[in-house]
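# Observations on the model geometry
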Amino acid sequence: MMIESFIDACNGTDPKKLRNLISKHHKKNDDFNLREVLPVYTKKKQEQMWDGLYNLMIQLLTKTPFMQNADDEELQILFHCLQDILTITDCVLDQANIIIPDKMLQTITALHELLLDFPDKANNLQASIAKVCQTWWIKELEGREALVANTIMFLLVKSLQPDASIADVKRVYSLRASLLQIDYADESSTTIKNLLLRCVISPLFLKLDEGQRFLSYLFGLNLEFIEQLHKVIKNQVPACPKPMVEWYGNVYFKAWKLATGPYIDKIEQHCIQDLMHHAVHASREGTRSMSSTLRKILGCFHKQKVHQGVDKMLLNLYNPILWRSLKVANGTVRANSIAILVDTFPLLDPEHTNEERDGLLQKQFDILSELLYDPCVVVRTTCVIGICRIISVFWELIPLKTSEDLLTKLVQDLARDVSSTDVRAAVYKGLTSVLDNRLSHVLMKRLLPQIGVLIHDTSEKVRITFIDLILKVKGVRDIKVNEIVPVEHLLVRLELDSAPIVRRLVQLLFNSFQPLDKAGEVQLTRCIALVQANPAAARVFYRYAQNHMSPADSAKFILLIGQCVFGCVQRSLNSSDSEDEVEKENDGEVLSLADKDIIDGLLEVMVIIWTNIEHQLNTTHTEVRQKLVKRFSKAIPLFIDVFQGGRSLEAVLYLASFLPGSALPDIKENCLKKLELISSESSMNDIAPLLECLVSWGKGEDILNIIHQRLKNIKPQYQQRDKSNKTRKGRKLMSVNCTLLQETTMNETECDPSMDVTQNNEDEEKESIEQCKVALRLLNWLLGQPTTRAFMMQANLTNLMQVLSTLKTLMESIQMDKPMNKDMEAVLEQVIYSYCKTLMHIQAEQRNENDNDLCGEFLTSFMTAIDRDIFSEPITFHSTQCRWVKCLLTVNQEAFMVGQVAVEIAKNTAGFLAIILQKDPPIELMPSVVSVLYQVCLKLMTSNDEAREDDIIPLLITHIIKSLAQKIKDAKEDIEKILLAVKPGLMETLLCYHRNNPGNCQHVLATVMAATIAELTSIIHEEGKLQPSESFSELPILSSFLMTLVNSKASILGSFVDELHQCVSVGGLRGIDALLAAVYIVYTIAKAGKKVNGLNKCVLLVQQEIAKLNRTDNEETEKNLIEQANGIISELNQHMGWIE
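Residues numbered from 1 in each chain as written. Predicted model: local features only at pLDDT ≥ 70, side-chain atom pairs only at ≥ 80, totals over all residues. Heavy atoms only, no water.

Now for the packing of helix α35 (residues 646-657) against helix α37 (residues 684-696). Two elements in contact, α35 and α37, have axes separated by 8 Å at closest approach and are oriented at 15 degrees. Here α37 runs roughly parallel to α35, going by the angle between their axes. Read as a crossing pair, α35 and α37 show a hand that is left-handed. Seen from α35, the contacting residues are E650, L653, Y654, A656 and S657; seen from α37, they are N685, A688, P689, L690, E692, C693 and S696. Here the contact of α35 with α37 is composed, by residue class, of 7 nonpolar, 3 polar and 2 charged. (Axes fitted to C-alpha atoms, helices over the stretch in contact; angles between N-to-C directions. Helix = DSSP H or I, 4+ residues; strand = E, 2+ residues; numbered from the N terminus. Parallel < 35°, antiparallel > 145°, perpendicular 65-115°, else oblique. Left-handed = near helix turned anticlockwise from the far one by under 90°. Contact = heavy atoms within 4.5 Å. Nonpolar A, V, L, I, M, F, W, Y, C, P; charged D, E, K, R; others polar.)

Structure representation (structure tokens):
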């Protein structure tokens, strides 16, 4: 009954009946299922069904022309009916024996013709039509050729949408064969060709395997279309993400593998060889150079040499390009060529005879050997890395004599290339890769000892690569590290080198000096040997050893050393026969207190290790800490009795500070008494352990009381001014309205600010000064250590406020315009510094409780007082005025560093620096001025945009440079020392400003360029020539200083080169003297500077300007200078690999 009803619905005129039956088909719990009904129909019944469906479709399409603005309800009826027809078609195509009546084909053909004309609201219907047509094509049914033109167009458009899915790409791939039906020479194919070209730049197509295979298939459609595909890919490569580069390589390789006949020739010659040509001649500049990008594409062919025909194809295509490019004048081309030769090695044809293959292989070795001594640094570096890679991978293929010759050249010559750190670093990187091949170890064992002394290379980058090589050697069984580099050399570098190298050295030496898998006695013996060999290196070693030891292992080792030292102390105390003791000590078999340096070193090792793990002991390893406390609470008193001074007592006191005060009650009182007796002659090395112990034991209040009592005794004493010189009444330094201090009341009248003359005798004054010095040293140390400062702020803030009040009273009594004793003046400077430091830390601690900017008020008052009383007279170096200005700069710097300076105060400080620089200050003030300038720049540049208004930072930097240039011109003594002190601050200022405001930085760089050109021009004018410099240090003093600053970062150096280029282009450099100076600058940048873009363009422009001056009527001097300039440019072009 249902079967007949379905036939009636198909042949009726009401689409709703058909809709109802199809709805039943979609319901899972309904008995009606088209896939069960359709196989029952005879061929005649199916023809009858499709006749009705075709007529129904025509009727609805005629009644509802959807291309025009039809009624939405009528459109929905039409779309539902067409969707029902497609559902029926889908069920028909699922049958095992598919019957295709004529009307069925006509129906689907009609829908296919309308596929691209449906409105956007019918996208589901379009997808269903495309799916039916796709299935029709895949099943190779009758008439399929008529059903793919619009289908492939629709699927391509859908797969290129932003919301396209993986399934869309796979559906396009399934219809790839249908693309062969298109005539790509006809204009009608333009639309689909454009869609196919868009597929080439689609990330979705590129990242899927089906997508890559589809794109590869496109290369076999039409010979002319290959050119369009290749052009689109070439345009996309420079900007595409890194993963897409390799995907394009896969597309080319798959296309080449699928190609036959004329298509393979077209792909090889027009695509692959074109990429090879561009890869050889591409630029190497930038972090992502075009040459490396193109080599990555070609790398997909280089890596597939196992496939038949790849070797022969690469040799044939590279033959007319590679060998010639390896000998051209352009160093960049040579470097690219050597990189490609390494990537493709061995470049051979399997079909050649053995003699031909050996000859070609030897040719490649000869080229590699020759280019090791290429004048271009980049070529040598690339060649070194390439040779080592080849030897590592193809050891069995290469004759042993050839490998030995090449590696010997690296070890004996290139590792000592004084002209380039990159080459030396490349040697060690390359040798590290050679060691990956076990067969090379025998040869490397003979060669590596020749480079042992090179561990002391002047370049940190080179030393890092050297240590990486040694770390690799450590994992090689047949080669011993000490056979290459003696342990003594390693320890020297451990003592002197930077953190990155030290970490590697500790990793290298850890198992030798701290073998955790050995017994405790062995570990202790190794530790003693390390301390005895190099105490400073031992301290560094154990500072970094925490990265290789757990807290439990560290604590265990501390106990082991403590037991050893405790045993030495006991043997010393229990010895009844001094002669026997001396005899034992002389035997050298037993460690004793006579071995003072070793004992001191062991105590310091314990302090260092305990410091490393203190946080873990206090948080997660409390049981281990309790064990340490228990052991050392018995040992520390004995140690203090035995060790009366020096490094040993200092270390013991630091150990005591790790213990709670209750564990050492007697020592706690003794330490406090010692602190009370401290004099100004005592070293901070002796004082610091006492303070550390007392603070950790909760005696901060007692320490501050000692400081307070010593500060009370100081009274400023002024000398009588000559009446003839007395012009104004003395004024106080400042008066700060410090509401924070008003909370602390003081009943004492310890200091009278109005007092001008003291009646105390000189001895009392001297004693009070000494007492004050000690107090200030103690206070500064407490505030300078993070742990003690935090403890004082939390537990002893009231006492600290009392000290601050005393400092404030002393500071307010200072009258800068009155002469005073030099010692008193120095002490009062320290009072100001200590007051500011204390105030800043207290304000930082209470910033949430008190909004007053006390630090800002203080700095403003100080700057006002300086401007009022100091700047009215010239400032000379050893004058009182200079000392007060330097004091203010020091205070300012400290305030900035702890973050207690507001933006407004930073602006005021910048203005104050401008006033100082206008007064032509002594050169000795410049380091302090520059240090404050950096802090001001950092504050203003990292604040909001409003803070950058009225920016005078470039003006200040320019003024400093001009001042330095004038002082150098005046032949100021000690100028090199001053420049050395100025360099770090000025360099950081320039970096900060350029990073945050590169546009305005051009003014500064213009001044740098002008000063450098002026100095070099002056020397050229006086001496007639100037030796080209291969490092910035070889330049004249000012030029060396300024160019070192500019070379601190590649972006700054690039901006400097741009400024020089602009200056030359507008005719700012007139005369051969100035142009020759520019040549010297770019020569030095090329030889010693960071890699920057545009340097070759600048050289070319200077060369063109020099050519304009080359006239026949030039004087002999000018001719010589022009010849010298052209010679330097020619050498530079050769060195950098530029084409002249």
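Turning our attention to a negative patch on the surface. Taken together, the side chains of E47, D51, D102 and E142 make up a negatively charged region of the molecular surface. Mapped onto the fold, D51 is located in helix α4 (residues 43-63). (Patch = residues over 30% accessible without salt bridge, like charges linked within 9 Å, V, L, I, M, F, W, Y side chains within 5 Å. Areas by Shrake-Rupley, 256 points an atom, 1.4 Å probe, with all protein chains shown as cover. Salt bridge = Lys/Arg side-chain N within 4 Å of Asp/Glu carboxyl O. Lys, Arg positive; Asp, Glu negative; His and termini not counted. Charge placed at Lys NZ, Arg CZ, Asp CG, Glu CD.)

Of the residues making up helix α9 (residues 166-174), those classed as buried are D168, V169, R171, V172 and Y173. Along its buried surface, α9 packs onto α7 (123-138), α8 (149-159), α11 (203-207) and α12 (209-218). (Buried < 20%, exposed > 50% of the residue type's maximum accessible area, 1.4 Å probe, protein only.)

This next bit is on the pattern of salt bridges. Evaluated as defined, the whole model comprises 26 salt bridges. For K234, the salt bridge identified is with D274, shortest N-O distance 3.0 Å. Linking K234 in helix α13 (residues 223-236) with D274 in helix α15 (residues 262-281), this pair joins segments that are 40 residues apart in sequence. Look at D274 and you get buried, because its relative accessible area is 17%. Residue E604 is joined to R539 by a salt bridge in which the shortest nitrogen-to-oxygen separation is 3.1 Å. On the criterion of sequence distance, the pair formed by E604 in helix α33 (residues 596-619) and R539 in helix α30 (residues 535-544) is long-range, its members being 65 residues apart. In this structure E604 comes out as buried when scored by relative accessible area, which is 15%.

The subject of this paragraph is helix α38 (residues 700-712). Two residues of an α-helix separated by three or four positions point the same way, owing to the 3.6 residues in each turn. Over its 13 residues, α38 runs 19 Å from end to end, which matches the ideal 18 Å to within 8%, given 1.5 Å per residue. Those residues of α38 that fall on the buried side of the exposure criterion are G700, I703, L704, I706, I707, H708, R710, L711 and K712. (Expected span 1.5 Å × (residues − 1).)

What follows deals with the side chain of S291. As for its placement among the helices and strands, S291 is situated in helix α16 (residues 290-302). One polar contact links S291 to S289, side chain to side chain, over a distance of 3.2 Å. Once residues lying within four places of it in the same chain are set aside, the contact partners of S291 are A279, A282, S283, R284 and N336. (Polar contact = N/O pair within 3.5 Å; in protein donor to acceptor, adjacent residues only side chain to side chain.)

Together, K556, K627, K630, R631 and K634 make up a region of like positive charge exposed at the surface. The greatest single-element share of the positive patch, amounting to 4 residues, is contributed by helix α34 (residues 622-642). Within the fold, K630 resides in helix α34. For K630, a relative accessible area of 58% gives the class exposed.

Structurally, T958 can be placed in helix α47 (residues 953-969). For T958, a relative accessible area of 12% gives the class buried. Other than its neighbours up to four places away in sequence, T958 contacts H1003, V1004 and T1007.

Before going further, it helps to examine the nonpolar core. Grouped together as the largest cluster of nonpolar side chains are 395 residues, with contacts concentrated most on F6, I88, F214 and I636. Counting residues per element, this core draws most heavily on helix α52 (residues 1072-1088), at 13 residues. Discounting residues that sit within four places of it in the chain, I88 has contacts with F6, C10, L18, I22, L34, L38, M49, W50 and L53. (Core = buried A, V, L, I, M, F, W, Y, C linked by side-chain atoms within 4.5 Å.)

Under the defined criterion, the tally for this structure stands at 18 aromatic pairs. Taken together, the aromatic side chains of F510, F513, F541, Y542 and F557 make up a single cluster linked through ring pairs. Over the ring of W137 we find R144, and its NZ or CZ is 3.7 Å from the ring centre. Over the aromatic face of Y173 sits the side chain of R176, whose NZ or CZ is 4.0 Å from the ring centroid. (Phe/Tyr/Trp six-rings, centres within 6.5 Å; stacked < 30°, edge-to-face > 60°. Lys NZ or Arg CZ within 6 Å of the ring centre and 35° of its normal.)

This next bit is on the environment of L53. Inspection of the secondary structure puts L53 in helix α4. Apart from the residues within four sequence positions on either side, L53 is in contact with C10, L18, I85 and I88.

Next up on the list: the confidence of the model for the protein. Of the residues in the protein, 90% reach a pLDDT of 70 or more, and the chain-wide mean stands at 83. Note on residues 721-731: pLDDT is under 50 here. Beyond four places in sequence and across chains, it has 16 contacts. This stretch, residues 734-760, has a pLDDT under 50; its non-local contacts, to residues over four places away or in other chains, come to 53 contacts. (pLDDT = per-residue confidence, 0-100.)

Within the secondary structure layout, S420 lies in the loop between α22 (400-412) and α23 (421-434). The class for S420 is buried, based on a relative accessible area of 6%. The sequence separation of S420 and A1088 amounts to 668 residues, and the corresponding C-alpha distance is 8.5 Å. Those residues within four positions of S420 in sequence are excluded, and the remaining contacts are V377 and R380. Separated by 3.3 Å, the side chain of S420 and the backbone nitrogen of V423 make a polar contact.

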